[in-house]
Amino acid sequence: LENLQPEIKGLAERLRYEVSVRGKQLGWSEKVARLHFNKNLRRIVSELYVRDNCHPFKATLLVWVQVPMWLCVSLALRNCSVGAAGSEVQEQFSSGGALWFTDLTAPDSTWILPVSLGLVNLLIVEV
């Protein structure tokens, strides 16, 4: 999408010139010329998106899938850790940790997991 910006800018300048010449020939007002320019520019940009297969909606598609999935997993883990799923599940969470976090129902007092998770997410965003 970013790689298309110089091409879109060049095409927009050329289209602006063509619309102004055509508008003077046909006696269009400034408003009508702007309307034709915007309509044709949208059409050209859509054709470029189809040509390069890079519609902006594709960039947000992952978020629309990832956010509900994160919400469901978070709620499921919370329900498991507070005992809403049954006593045997909470028993397994309270004795099934590793290293310094042996009880998965207790908050992490060392803040190692939350900080490392935040740093990994920051790294993912930056990369």
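Residues numbered from 1 in each chain as written. Predicted model: local features only at pLDDT ≥ 70, side-chain atom pairs only at ≥ 80, totals over all residues. Heavy atoms only, no water.

Novice: Looking at this structure, how should I read the packing of helix 1 (residues 5-26) against helix 2 (residues 30-52)?
Specialist: Axes are the key here: two packed helices are described by the angle between their axes and the distance separating the axes. Where helix 1 contacts helix 2, the axes come no closer than 10 Å and their chain directions differ by 150 degrees. The angle between helix 1 and helix 2 places the two elements in the roughly antiparallel class. As helix 1 runs across helix 2, the sense of the crossing is right-handed. Residues Glu7, Ile8, Leu11, Ala12, Leu15, Arg16 and Val19 of helix 1 touch helix 2, and the partners they reach there are Ala33, Phe37, Asn40, Leu41, Ile44, Val45, Leu48 and Arg51. (Axes fitted to C-alpha atoms, helices over the stretch in contact; angles between N-to-C directions. Helix = DSSP H or I, 4+ residues; strand = E, 2+ residues; numbered from the N terminus. Parallel < 35°, antiparallel > 145°, perpendicular 65-115°, else oblique. Left-handed = near helix turned anticlockwise from the far one by under 90°. Contact = heavy atoms within 4.5 Å.)

Novice: Just checking my understanding: could you explain the domain arrangement of the chain for this structure?
Specialist: Quoted interface sizes are often the accessible area lost when the parts come together. The domain boundaries assigned to the chain delineate domain 1 (3-54) and domain 2 (60-126). A C-alpha centroid distance of 50 Å is found between domain 1 and domain 2. (Domains from an automatic or database assignment.)

Novice: I tried to follow the nonpolar core on my own but got confused; where do I start?
Specialist: Nonpolar side chains tend to gather and get buried jointly when the protein is soluble and globular. Ranked by internal contacts, the top residues of the largest apolar core, which has 13 residues, are Leu4, Leu15, Phe37 and Leu41. Of all the secondary structure elements, the ones that give two or more residues to this core are helix 1 and helix 2. Sequence-distant contacts of Phe37, defined by excluding residues within four places in its chain, comprise Ala12, Leu15, Arg16 and Val19. (Core = buried A, V, L, I, M, F, W, Y, C linked by side-chain atoms within 4.5 Å. Buried < 20%, exposed > 50% of the residue type's maximum accessible area, 1.4 Å probe, protein only.)

Novice: What is the right way to read helix 1 from this model?
Specialist: The α-helix advances 3.6 residues per turn, and as a result positions three or four apart in sequence lie on the same side. Its 22 residues give helix 1 an end-to-end C-alpha distance of 31 Å, which sits within 8% of 32 Å, the value for a rise of 1.5 Å per residue. Buried within helix 1 we find Ile8, Ala12, Leu15, Val19 and Gly23. What you see down the axis of helix 1 is that its buried residues fit within an arc of 70 degrees, all on one side. In helix 1, the exposed positions angled more than 90 degrees off the buried face are occupied by Pro6, Arg14, Tyr17, Lys24 and Gln25. Packing partners of the buried residues in helix 1 comprise helix 2. One or two residues past the end of helix 1 sits Gly27, with phi positive at roughly 75 degrees. (Expected span 1.5 Å × (residues − 1). Arc of directions from axis to C-beta.)

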